[in-house]
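Okay, here's what each chain looks like letter by letter:
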Amino acid sequence: MKTLITTLNSKFIHKSLALRLLYVACKDDHDIDFKEYTIKDDLNHIVDDLLSMDLDILCLSVYIWNVDHIQKLCHLLKERKPELKIIVGGPEVTYEIDHFLDEFEIDYIMAGEGEVALNQLLTALENNEEVKLQGISTKKHRDPRLIPPVDLSYLETLESPYLLERDMKDMKNRILYFETSRGCPYQCQYCLSSLEKGLRFFSMDYLKQQLKAILNTDVKVIKLLDRSFNAKTEHALEILDFVFKNCHPGVQLQFEINGDVLDQRIIDFINEEAPDGLLRFEIGIQSTYEPTNKVVQRYQNFERLCDVIRQLQQNHKIDFHLDLIAGLPLENLQRFSKSFDDVFRLYPKELQLGFLKLLRGTSLRKEANKYGYIYEKHAPYELIESHDLSKEDIEKIHLAEDMLQKYWNSGRMPITMNKVLRQCKSPFYFFLDLGEFYQTQQFKFIGFQLDELFQYINLYLKERYEDELIEDYLRLSKVKPKKWWKTRIDNEKEIKHRLIEKHQLNQEDVFRYGIVEKLKEDYINNLSERNAGILGTMLLGDKELLEKEVSTVFQQAGASHVLVISGMHISCIGLFCYGLLRKKGNSL
């Protein structure tokens, strides 16, 4: 029977490991293939494509982000081809099978790990046998049990799901999801992982074999699916050691860790041996309020966690992505703002402020009445209000989150935001107040241009940080940018001619692509005390080059001038910077 395994990914860049595992587990015994779509694809086009394959069986992997799309897809397919057998599986349908069997036009639900069970189910269907498999249900015969966990040593005998020939051409353009273990050692009551029992690891020989082959490709991002990479210290150390020795420049590995229990040996090993830019750590802090953590069984030592993060931040080798959840029990707006400020003071590259989602099967969903939870009835089941947070409170947190994304997580203005936020009393209320200023001034929340984003924050800050904003803005520019500020000099043409003559610059480049501006001396990055009066900062249009070369300074008659040249002319200016650094004793 011709079978296809498919899903709707949230974006093209995400590559489904589940589909590939099911495929390699079944391909030797069945006429089976897999194909990926995204939630942005037109459902009617997907239906046409699927029906053109003349399938007998369709297997769908269902998640919180695609469940509503899958329901519509099943209806459209059954409407046009009623005899098509549809099998669904995945975390979204695993824990409340009755709902999906009653509401979805499907034939089978697989609840649990499917690599062995799908093979058995397809065999039974092809042989017209009665399906009597644990964890597999139909509308008439429902089994509340989960499919038994798969023996990971069996998966190690299969063809690699990470290195299929069809995936090779897009390795550098998509995220490769990789697992070294299954299960979770924690019992967080808002998370589906808390329902999994036990923690299992793939063998180290298998993992090294797979990682070596993967790292020999042009893959750029490898994201581990392990719920807690550091759950077993020796395992984590051996993986890190292998990756450090075999990685290639430009690749990044992303891990989810539990920071407060990160072994000191791992911290020291990373600080001593990790290549720059290789690691990205995601840490789900969620709340710093102990009564809340106790209720949701998210036990952590925040003081130790802060110490771990600061130790790892010393060498600037790791990008940190820290998570918070708004809406957990007992945490009102004021107390949530404290959690936000506590975590923000660690100054991660990204702070993700999420909103509680009452996932099917979780304890918090079952106890929703206890906490007054009212939530969306359709995925992603996001909180609307509770005993602790009113609708207005949640709207305020959403407003602060929007500003957090625009002005911190985006990384567009690091100089300004670091200076501002290290001085403010409460980062949370800074972002909230900024959002309310947006509303009052009727600024664009969407569809804005980059220069408008800078104008808005400059007005909010009452032009006190305009120099820093100009520098941030020019660092982003690949071409001659649009000025959003009032120029501070009257003789720009004269200054450009002076710079061209003195440093033998290309006149066409400078006048076509360059901007010269006067900045205050109070933030100038001087190259030496001797030249403090004559050197200012030179910003390049190419951000990566800028960070390596730092900046070179111009100043004339007590005023510093910033020259920005577009990315296509970096080589010329790079040589000029080098020359200035070598001749820093000379004056303009």
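Here goes a summary of the coordinates provided. (Residues numbered from 1 in each chain as written. Predicted model: local features only at pLDDT ≥ 70, side-chain atom pairs only at ≥ 80, totals over all residues. Heavy atoms only, no water.)

1. Points about the overall build of the protein chain
Convention followed: In DSSP terms, a helix is any run of H or I states spanning at least four residues, a strand is any run of E spanning at least two, and both are numbered starting from the N terminus. Note on contacts: a residue pair is in contact if any heavy atoms of the two residues lie within 4.5 Å. What sets the accessible areas is the Shrake-Rupley method with a 1.4 Å probe; for residues, cover comes only from the shown protein chains.
Within the protein chain one finds 23 helices and 19 strands. If you take every contact in the protein chain between residues at least 6 apart in sequence, the share linking residues at least 24 apart comes to 72%. Here the protein chain has roughly 27,200 Å² of accessible surface; of this, 48% comes from carbon and sulfur atoms.

2. Thoughts on the packing of helix α17 (residues 427-441) against helix α18 (residues 450-460)
The test is simple: To define axes, lines are fitted to C-alpha atoms, for helices over the stretch in contact only, and angles between the resulting N-to-C directions are given on a 0 to 180 degree scale. Note on angle classes: values under 35 degrees are labelled roughly parallel, values over 145 roughly antiparallel, values of 65 to 115 roughly perpendicular, and the remainder oblique. When residue character is reported, Ala, Val, Leu, Ile, Met, Phe, Trp, Tyr, Cys and Pro are called nonpolar, Asp, Glu, Lys and Arg charged, and the others, Gly included, polar.
Their axes nearest at 11 Å, the elements α17 and α18 cross at an angle of 110°. With respect to α18, the element α17 is oriented roughly perpendicular. Facing α17, whose interface residues are Phe430, Asp433, Leu434, Phe437 and Tyr438, α18 presents Leu453, Tyr456, Ile457, Leu459 and Tyr460. For the contact of α17 with α18, the per-class residue count stands at 9 nonpolar, no polar and 1 charged.

3. Digging into the sheet that holds strand β12 (residues 279-286)
Quick note on the threshold: Any two strands with at least two DSSP-identified bridges between them are counted as paired.
Read from one edge to the other, the open sheet built from 6 strands follows the order β7-β10-β11-β12-β13-β14, with strand pairing classed as parallel. Single-partner strands in this sheet number two, and they are β7 (175-178) and β14 (350-355). Shown here is a sheet whose adjacent strand axes are inclined to one another by a mean of 20°, direction ignored. Judged from the 3 bridges that link them, strand β10 (residues 221-224) and strand β11 (residues 252-257) form a sheet pairing that is parallel.

4. With respect to the side chain of Gln286
In this fold, Gln286 is placed in strand β12. Among residues more than four places away in sequence, those in contact with Gln286 are Tyr190, Arg298, Asp323, Leu324, Ile325 and Leu328.

5. Concerning the packing of helix α13 (residues 333-344) against helix α15 (residues 391-409)
Keep this limit in mind: Rotating anticlockwise by less than a right angle from the far helix to the near helix defines a left-handed crossing, while the corresponding clockwise rotation defines a right-handed one.
With their axes 11 Å apart at the nearest point, α13 and α15 run at an angle of 20° to one another. Here α13 lies roughly parallel to α15, going by the angle between them. Relative to α15, the crossing made by α13 is right-handed. Taking contact as the criterion, the partners of Leu333, Phe336, Phe340 and Phe344 in α13 are, on α15, Asp393, Lys396, Ile397, Leu404 and Trp408. Taken together, the residues that form the contact of α13 with α15 break down as 7 nonpolar, no polar and 2 charged.

6. Digging into the packing of aromatic side chains
Keep this limit in mind: Classification of ring pairs rests on two measures: the distance between centres of Phe, Tyr or Trp rings, Trp counted by its six-membered ring, which must be within 6.5 Å, and the angle between planes, read as stacked under 30 degrees, edge-to-face over 60 and tilted in between. Relative accessibility under 20% of the residue-type maximum defines a buried residue, over 50% an exposed one, and the middle range a partly exposed one, all with a 1.4 Å probe and only protein chains included. Whether a charge sits over a ring comes down to the Lys NZ or Arg CZ being within 6 Å of the ring centre and within 35 degrees of the ring normal.
Counted by the stated rule, this structure contains 33 aromatic pairs. Judged by centre distance (5.5 Å) and plane angle (70°), the ring pair of Phe340 and Phe428 falls under edge-to-face. Note that Phe340 is positioned in helix α13 and Phe428 in helix α17, a separation of 88 residues in sequence. Phe428 shares its class with Phe340; the two are buried. Lying across the ring of Tyr23, Arg166 places its NZ or CZ 5.3 Å from the centre.

7. A look at unusual backbone geometry
The step from Ala379 to Pro380 runs through a cis peptide bond, and the omega angle for that step is 15°. Within the secondary structure, Pro380 is located in the loop between β15 (374-375) and β16 (383-385). Despite not being glycine, His316 has its phi angle at roughly 55°, a positive value. On the accessibility criterion, His316 (70% relative accessible area) is exposed. A positive phi angle is found at Lys462, which is not glycine, with a value near 55°. Positionally, Lys462 belongs in the loop between α18 and α19 (466-476). Classification of Lys462 as exposed rests on a relative accessible area of 63%.

8. Considerations on the sheet that holds strand β5 (residues 108-110)
Spatial ordering of the open sheet is given by β2-β1-β3-β4-β5-β6, a layout of 6 strands whose pairing is mixed. Across the chains shown, the open sheet's two edge strands, defined by having one partner strand only, are β2 (32-38) and β6 (136-137). Bridge count between strand β4 (residues 85-89) and β5: 3 bridges; the pairing is parallel. Within β5, the residue paired with Val88 across the bridge is Ile109. Sheet strands in contact with helix α2 (residues 43-51) are β1 (3-9), β2 and β3 (57-61), and its direction is about 165° off that of β2.

9. As for the environment of Ala326
For Ala326, the position within the fold is in strand β13 (residues 318-326). C-alpha of Ala326 to C-alpha of Leu353: the two residues are 27 residues apart in sequence and 7.1 Å apart in space. Discounting chain neighbours no more than four positions away, the residues touching Ala326 are Phe336, Leu353, Gly354, Phe355, Leu356 and Ile397.

10. So, the side chain of Arg335
Take Arg335: it is sitting in helix α13. Residue class for Arg335 comes out buried when judged on its relative accessible area of 18%. If we skip the residues at most four places from it in the chain, Arg335 touches Thr288, Tyr289 and Asp342.

11. Concerning the pairing of β7
Covered by surrounding structure in β7 are Ile175 and Tyr177 together with Leu176 and Phe178, the residues of both alternating faces. The sheet contact formed by β7 and β10 spans 4 bridges and is parallel. Residue pairing across strands places Phe178 opposite Leu224, the latter belonging to β10.

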